Every structure is written in structure tokens, then in C-alpha cells.
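Analysis of the macromolecular model
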Amino acid sequence: MTVHKKNIDEIEAVAKISLNVGARSLTYGILYDVGRAKTVSSIQLNYDDLNCISSKVQNINRQVGNQLAISFVDPRYSLHRNLMPNKEPDIVFCPGGTSRLAIRSDGLVFPCQYGFCDDKFATGSITKESIYQIWKSRRWKIFRGIPLQKLSQCSQCHASVDCRLKICRLMAYAASGDIFGVPPGCEWLKWHYSFNNARKEVLTNARKS
Ligand code: SF4
């Protein structure tokens, strides 16, 4: 489910439906102001909305236990080194195209919903091929591992090791037109990272003295 300002009240209902149909996992993605969403300011989320979504998702998580794997990444805290352990830290990939796909209402299949903005990221159509055939296609290659060196800004960034934002190549494309560019929120994250490190240093020095 892509959550935006007008469907926040449906978060719990979607979890109920997912349980009723026997789904094993449910992802709550949030609406970013990229692609077509950029033109609709009335559905953009603010800080309070993110607090509300986060608390709803945590409640659902507690209630459903092991029955449903709930996934939600709060974009304000995208420094999660251990969230997706990657045995090859120099290879960048995300669940889109590796453990997840998204089907648009016209049947076109994408690595995730953030690709809906551009048909060139469609990897097939369920009106012409089976999901299995589409999943096996080589058209997914770019989503299944990009060497970090190819991301010129991320590979030089001081926050790179801990930054989870960098894995979202479709967001980087939607925001900058460059699939090797940086996703929205990057500047804020870099600032937040530097601020935290500076604070840790001050506290450590204060303890020593
Ligand atoms: S903070 Fe920005 S430049 Fe640095 S790794 Fe993350 S997305 Fe890349």
C-alpha cells in the first residue's frame, strides 16, 4: 500500500484485508513528491502524518505478530546499517526486483511502485507473459545489483556505509532523471549524519575531560 494524506485512515483496514486473504507480508510505502505525485500537493505527507503512520504501523505489527510480516521504512530515519544485511556492501540493490515486484493497474510489471512513473522501467505485462517468465527476464539486471562505484555521489559520501536511501535507484531517477543519482532526502540525511557524529564526538570528549 502506498500511503498518502488521504488514505492514512485505511492503514488498519488494509492489514485486515491482507490477513483475510492469507497474505504473508504487507509493505507500507509512503508517497514521495516525485513523478505524478509532485503535481498533487493535497496528498503530500508532513512530519505529523509520518508520526501517525509510524505509530499505526507499530500497533498493527504488535497485533498481527507472526501472522503477517509488516514492512515500513520511515524516511526520516534511513540510517539502518543492519536492516538489510548485505553480504556485498559494494553492491547496491533493494527489495524491488529482488524479492518484490509491483503490478500497475494496466498490467505492466515494475520492480516496485516507484517505477510506475516511467514505462521504460516496465519489465513485462501480465497480459502477455506469466509472472514467472517476467521475473526470469534479464530486463531486471540493473535492479539486482549495481556496483557502488557506479554511483559517483554515493560512493564518495561519508554516510554511505549506513545510508539506506541510496538503495532506491528508481527514486533517484524520479527525482533527478539519473538512475545513478541521489534520491530525495539525501541532503537532509547527510546533514543528520554529520550532526549525529559531531554530537557523539562532543559527548565523548566531554566524558574524557
Ligand atoms: S546520503 Fe545521499 S549521497 Fe550519501 S549515500 Fe545516502 S543517498 Fe548517497
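So, how was this worked out
Residues numbered from 1 in each chain as written. Predicted model: local features only at pLDDT ≥ 70, side-chain atom pairs only at ≥ 80, totals over all residues. Near = placed C-beta within 6 Å. Helix = DSSP H or I, 4+ residues; strand = E, 2+ residues; numbered from the N terminus. Nonpolar A, V, L, I, M, F, W, Y, C, P; charged D, E, K, R; others polar. Buried ≥ 20, exposed ≤ 12 C-beta atoms within 10 Å, placed from the backbone. pLDDT = per-residue confidence, 0-100. Contact = placed C-beta atoms within 7 Å. Pairing = 2+ DSSP bridges.

Re the site of the ligand
As a matter of local geometry, the ligand sits amid 13 residues, with Cys 154, Cys 157, Cys 163, Lys 166 and Cys 186 nearest to it. Those elements giving two or more residues to the shell around the ligand turn out to be helix H4 (152-155) and helix H6 (186-208). Across the shell around the ligand, the residue classes break down as nine nonpolar, two polar and two charged.

Description of the environment of Cys 163
In this fold, Cys 163 is placed in the loop between H4 and helix H5 (169-176). On the neighbour-count criterion, Cys 163 (22 C-beta atoms within 10 Å) is buried. When the C-alpha positions of Cys 163 and Gln 149 are compared, they lie 15 Å apart, and in sequence the two are 14 residues distant.

Comments concerning the confidence of the model for the protein
The share of residues in the protein with pLDDT of 70 or more is 93%, and the mean pLDDT across the chain is 86. Scored below 50 in pLDDT, residues 79-85 shows eight contacts in the model against residues more than four places distant or in partner chains.

Side note on the sheet that holds strand E6 (residues 102-103)
Read from one edge to the other, the open sheet built from three strands follows the order E6-E7-E8, with strand pairing classed as antiparallel. Where the open sheet ends on each side, the last strands, each with one partner, are E6 and strand E8 (124-125). Of the strand pairs in this sheet, E6 and strand E7 (residues 108-110) are connected by two bridges, and their pairing is antiparallel. Note on E7: the bridge partner recorded for Ala 102 is Phe 110.

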